[in-house]
Every structure is written in structure tokens, then in C-alpha cells.
Amino acid sequence: VTTHVVHTMGMAISVDLRDGARAELEHDAVDEVAQWFTWVDETFSTYRPDSVVSRLDRDDLALGQAPALVQWVVERCEALRLETDGYFDIRATGHLDPSGFVKGWAVERASDLLVEIGMTNHAINAGGDIRMRGAPEPGRLWRVAVAHPLVRDAVCLVVDLPEGAVATSGTAERGAHVLNPHTGGAAIELASVTIVGPDLTVADVYATAALAMGSRAPAWLADLDGLASYVVDAGGNEWSSPGLSGLRADLHIADYQPALGTSPARPKTSVVG
Amino acid sequence: VNLATSSGATTGPPTTSAPAPSASNSAPTTSTTPPEKTATGPVEQNRYGPVQVRVTVRGSTLVDVQAVQLPSERQRSADISDQAAPMLRHEALTAQSANIDLISGATYTSESYAQSLQAALDAVRQ
């Protein structure tokens, strides 16, 4: 069990390798993953004026002249915009910004790379968006906790999962950073949306879209096939899709965080020694 | 969400002093395997400043986490640090006791902490 941390794309990405491979093999694998992320950042970053995406945005470069993979990403984002009723829109800000797609997709591809190298049991966690393959150890599922978006030191959900992905979009990490493309305003009705599914690209994009939808998100999420979802609104109310209950870990969260299980400030007779 | 105000808990300043006087925090080079090992992670920068932690493990079990360094330059950072140190410690030990492998949707400070913690754990394992 070794966790490597790759600093790239403005964040720290944890690469958790569970195959017990030799250290050199693990380092080679992590290097390959790091190189992939570096290419993705150089190509898609909106912070780099020389990236392909920045040049496309300035009309310095026509989409037809861009690398094939970039063209594919833009097309895929358009398909996802339609799938999400327009709530996932890489042009919501008026500029071309596929970051909401690229992060999850880059992790998804990195996970594929690790499998190709033979690292079949691993997890990659990029700022709370996670792709898991295989198992953490024989006979055990991956146990993933979701940080409570409103309570600083608490976990609000714990799930046990086989291979798959967990994506959380919320206001806790970066403030109200997701726009509702239909109104142009910041999405503030929901504190966080978590989606569990087979593929991190879709899970991440749908979580971002659902956050932008606000109060109509549960109705949309409930109809999605093959994905389980969990929502905390700005008032702390929770909603989960029917598929989520079977994934919940068999533990009482409150046992592990006394702060959540106790009702606030109930007066108690204290025993003073 | 204001990181500095979201907990109701009132907590003291980070306890960076006096490692628990356990029997075995010693002997970096040994002939016998010590039951507990301590390692200090690298300094990680987040938007509020540097974060560095020291972890103690017994076998593969995390037994303690201490903040060695937390942001303190500005008042806002100090407010966060006062609460962050005990909370981060609590989070790490909680995750360990519940066998949690991964955290989704972690907040900024936790993330920075996690980097440092993981690096420290790697150092312990080597």
C-alpha cells in the first residue's frame, strides 16, 4: 500500500497503489501518470495563455486545427450539455472552459493507464473526485467517506464500493464557483452533490450540472440509470437516490464523530469532581 | 462557507508541544523494531499558508497526529489554525478507526493536510 502524491493542474492528486509492486515499478507508473496530467494541463488549462484551449478561446486557433483529442473533448462536452439540459456548459462564463470535464476525464484516463501497466488495484483521488479499480485489499470493498459540506469536521456519508467512481461538487471547497448557465447566477441552493457511478468523467460532470440545477436536481438525478446520488442542500437537508441505500457502509457515522450525533447545546447536568 | 466559523466547538490553540510521554518515541536507528514510529511530513502550502504534520504509527495503525506548523501570519489564518489543528487530528484518527480509504469532497484545508499526512505515512513505511 503506497500513496503517491502528484502535484499538477493546481491541485494534489493522490495515487493509491494496492498491488504491492516493487518500488521502481510504482515510481515508473506514477511518473507516467504525472506526465499525462502535465500534458493535460499544458493543453487544456485556462490559466496558461499558450494552451490549446486558451488559443481556441482567443480565436488564435480554429477547432479544426486543434489536436484530435481536443476536438473530441469539445464534442463530448457538447453531448454532455444536451444530456444535462444545458446545465453543464463549458461556455457558461462566456469563455471556453472545459475544466469541469477535463479533471474527471484526466483521472479516468490515468486510471486506465495504471491498469495497462498492471496496477489493477488502485485509487486516484483528485481533490475529492475519486476513481477506484480492483479492491483495496482482497475481500474488501473500497470505503469512501463524503466530507460534510457544512460541518467542518464531519463526514455525512460513508459508502462501500467495488470498482467505480465518486464525484462531489460543492460550495465548501471553492465557494459558489458553479454558475447556472440558464440564469448566469452562482449556484447556491445546494451545498454539495455526490454521484457514484462506473465512470468518473460522467459522475463529475453530472455532479457539477446537478449543483447548478439547484432544487430541481433531485428530480433529475432520480431518473438517471446506473448512477446513485446524494445531495445536501444549503440548509443541511439531505436527499439520496433509491440506489444509494444499498451502498451505505454498515457503520453508524455518529460513532466516529460525536459532534454529529449530539443535539446542539442541550443543557446537561455535569458531574464536577 | 467560512472555514473559520463552521464548527461550534471551542478549541484551544494547536498543541504543538510535549509529545505524549509514551515509552517509545525514540531510537531512530535501532537493532530492534520499535513499536511506534514517528515521522514528520513535508511543509505543504495552501492558500492560508504552510501546513506540516507529524504522525505516529504503531504497525499499520495511526495512533497520533500533531500539527507541527499551521498558518499564523494573518488573523484570519490564526482563527483557522486554532480550530484546524484539533479537528484535523480528529479527522485523521476517525478515518483510521472507521477504515476509511478515501475522502470525497474534502475541504481545502483538509486536502492540504491530507497531502502532508500521506507523505508522512509514506515516510514511515519506508
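Values in this document were obtained by computation on a predicted structure and should not be read as measured data.

(A) The arrangement of the overall build of chain A in detail. When helices and strands are counted, chain A shows 9 helices and 10 strands. On chain A, roughly 12,500 Å² of surface is accessible, and the fraction owed to carbon and sulfur atoms is 51%.

(B) A look at the environment of Ala 39 of chain B. Mapped onto the secondary structure, Ala 39 of chain B falls in strand E1 (residues 37-40). Residues Ala 39 of chain B and Thr 56 of chain B, spaced 17 residues apart in sequence, show a C-alpha to C-alpha distance of 6.6 Å.

(C) Up close: the sheet that holds strand E9 (residues 228-233) of chain A. Residue and element names in this part refer to chain A. Taking strand neighbours across the sheet as the criterion, the 8 strands line up as E1-E2-E3-E4-E7-E8-E9-E10 in an open arrangement whose pairing is antiparallel. Because the sheet does not close on itself, it has two edges, and the strands there are strand E1 (2-8) and strand E10 (238-240). Neighbour-to-neighbour, the strand axes of the sheet open up by a mean angle of 10°, direction not taken into account. In this sheet, strand E4 (residues 129-133) lies alongside strand E3 (residues 122-126) in antiparallel orientation, the contact comprising 5 bridges. Note that in E4 the partner of Asn 125 across the bridge is Ile 130. Where helix H4 (residues 99-117) meets the sheet, its contacts fall on strand E2 (11-17), E3 and E4, and the angle it forms with E3 comes to roughly 160°.

(D) Representation of the pairing of E9 of chain A in the model. Residues and elements named next belong to chain A. Burial runs high along E9: 5 of the 6 residues are buried. Bridging between strand E8 (residues 190-197) and E9 involves 6 bridges; their strand directions are antiparallel. Following the sheet pairing, Ser 192 is matched in E9 by Val 232. Sheet topology places E9 next to E10; 3 bridges connect them, and they run antiparallel. Among the inter-strand pairings, Val 232 is bridged to a residue of E10, identified as Glu 238. The turn linking E9 back onto E10 is made up of 4 residues, and Gly 236 within it adopts a positive phi angle of 90°.

Conventions adopted
Residues numbered from 1 in each chain as written. Chains lettered and ligands numbered in written order. Predicted model: local features only at pLDDT ≥ 70, side-chain atom pairs only at ≥ 80, totals over all residues. Heavy atoms only, no water. Helix = DSSP H or I, 4+ residues; strand = E, 2+ residues; numbered from the N terminus. Areas by Shrake-Rupley, 256 points an atom, 1.4 Å probe, with all protein chains shown as cover. Pairing = 2+ DSSP bridges. Axes fitted to C-alpha atoms, helices over the stretch in contact; angles between N-to-C directions. Contact = heavy atoms within 4.5 Å. Buried < 20%, exposed > 50% of the residue type's maximum accessible area, 1.4 Å probe, protein only.

As far as function goes, none of this settles anything; it's purely spatial.
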